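An overview of the molecular structure
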Amino acid sequence: MRGDVYMSPKLVNIGFGNSVVSRRVVAIISPSAAPIKRLRDEAREDKRLIDATQGRRTRSVIITDSNHVVLSAIQSETIAQRFSPNCTLSKGEFEE
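Conventions used here
Residues numbered from 1 in each chain as written. Predicted model: local features only at pLDDT ≥ 70, side-chain atom pairs only at ≥ 80, totals over all residues. Heavy atoms only, no water. Core = buried A, V, L, I, M, F, W, Y, C linked by side-chain atoms within 4.5 Å. Buried < 20%, exposed > 50% of the residue type's maximum accessible area, 1.4 Å probe, protein only. Contact = heavy atoms within 4.5 Å. Salt bridge = Lys/Arg side-chain N within 4 Å of Asp/Glu carboxyl O. Helix = DSSP H or I, 4+ residues; strand = E, 2+ residues; numbered from the N terminus. Pairing = 2+ DSSP bridges. Axes fitted to C-alpha atoms, helices over the stretch in contact; angles between N-to-C directions. Expected span 1.5 Å × (residues − 1). Arc of directions from axis to C-beta.

Okay, the nonpolar core next. With nine residues, the main nonpolar core is built from Val12, Ile14, Val20, Val25, Ala52, Ile62, Val70, Ile74 and Ile79. Sequence-distant contacts of Ile79, that is, excluding residues within four places in its chain, are made with Val12, Ile14, Ile28, Ser60, Ile62, Ser72 and Ile74. Counting residues in hydrophobic clusters, the runner-up holds seven residues, among them Ile36, Val61, Val69 and Leu71.

As structure tokens, then:
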């Protein structure tokens, strides 16, 4: 609780009934770049990879504050819109 404003965690759907806690997400990125593929392989080796694609093609990679890597079959832009439908962030969302 910060002052008189309490920000409750929000679950964001990442496809096929899977969700992530919005406050834990650090980045939502496209999986096509070589560094992202290396990041995914390293996470798999370190047992930090969560595959939420249900066997479909990976279209976005979500990085959490606990350094877990979550794969999703939903486009990065779609997931980003689910975080903030108006494409805006409030000041409180930046503060921890």
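On to the pattern of salt bridges, then. Under the counting rule described, the total for this entry stands at three salt bridges. For the salt bridge of Asp41 with Arg44, the shortest nitrogen-to-oxygen distance reads 3.7 Å. Here Arg44 and Asp41 lie together in helix H1 (residues 34-45), a separation of three residues that amounts to about one turn. Classification of Asp41 by relative accessible area gives partly exposed; the value is 39%.

A few words now on the sheet that holds strand E5 (residues 60-64). Pairing between the strands of a sheet is mediated by backbone hydrogen bonds and can be parallel or antiparallel. Across the sheet, which stays open at both edges, the four strands sit in the order E3-E5-E6-E4 with mixed pairing between neighbours. Of all the strands in the sheet, the pair left with one neighbour each is strand E3 (25-29) and strand E4 (49-51). Each strand axis lies, on average, 20 degrees off the axis of its neighbour in the sheet, ignoring direction. Where helix H2 (residues 76-83) meets the sheet, it contacts E3, E5 and strand E6 (69-72), and its direction lies at approximately 145 degrees from that of E3.

Here H1 contains twelve residues, and its C-alpha end-to-end distance of 17 Å stays within 8% of the 16 Å for a straight helix at 1.5 Å per residue. Taken together, the buried positions of H1 are occupied by Ile36, Arg40 and Ala43. The buried residues of H1 all sit within an arc of 65 degrees when viewed along its axis, so they share a single face. Contacts from the buried residues of H1 go to E3, E4, E5 and E6.

Before going further, it helps to spend a moment on the environment of Thr78. Within the secondary structure, Thr78 sits in helix H2. Thr78 sits in the partly exposed class, given a relative accessible area of 30%. Through-space distance from the C-alpha of Thr78 to that of Ile14 is 8.9 Å; in sequence the pair is 64 residues apart.

Structurally, Ala43 can be placed in helix H1. A relative accessible area of 0% places Ala43 in the buried class. C-alpha of Ala43 to C-alpha of Val69: the two residues are 26 residues apart in sequence and 6.4 Å apart in space. When sequence neighbours within four positions are dropped, the list of residues in contact with Ala43 reads Arg48, Leu49 and Val69.

In short, shape yes, function no, at least from these values alone.
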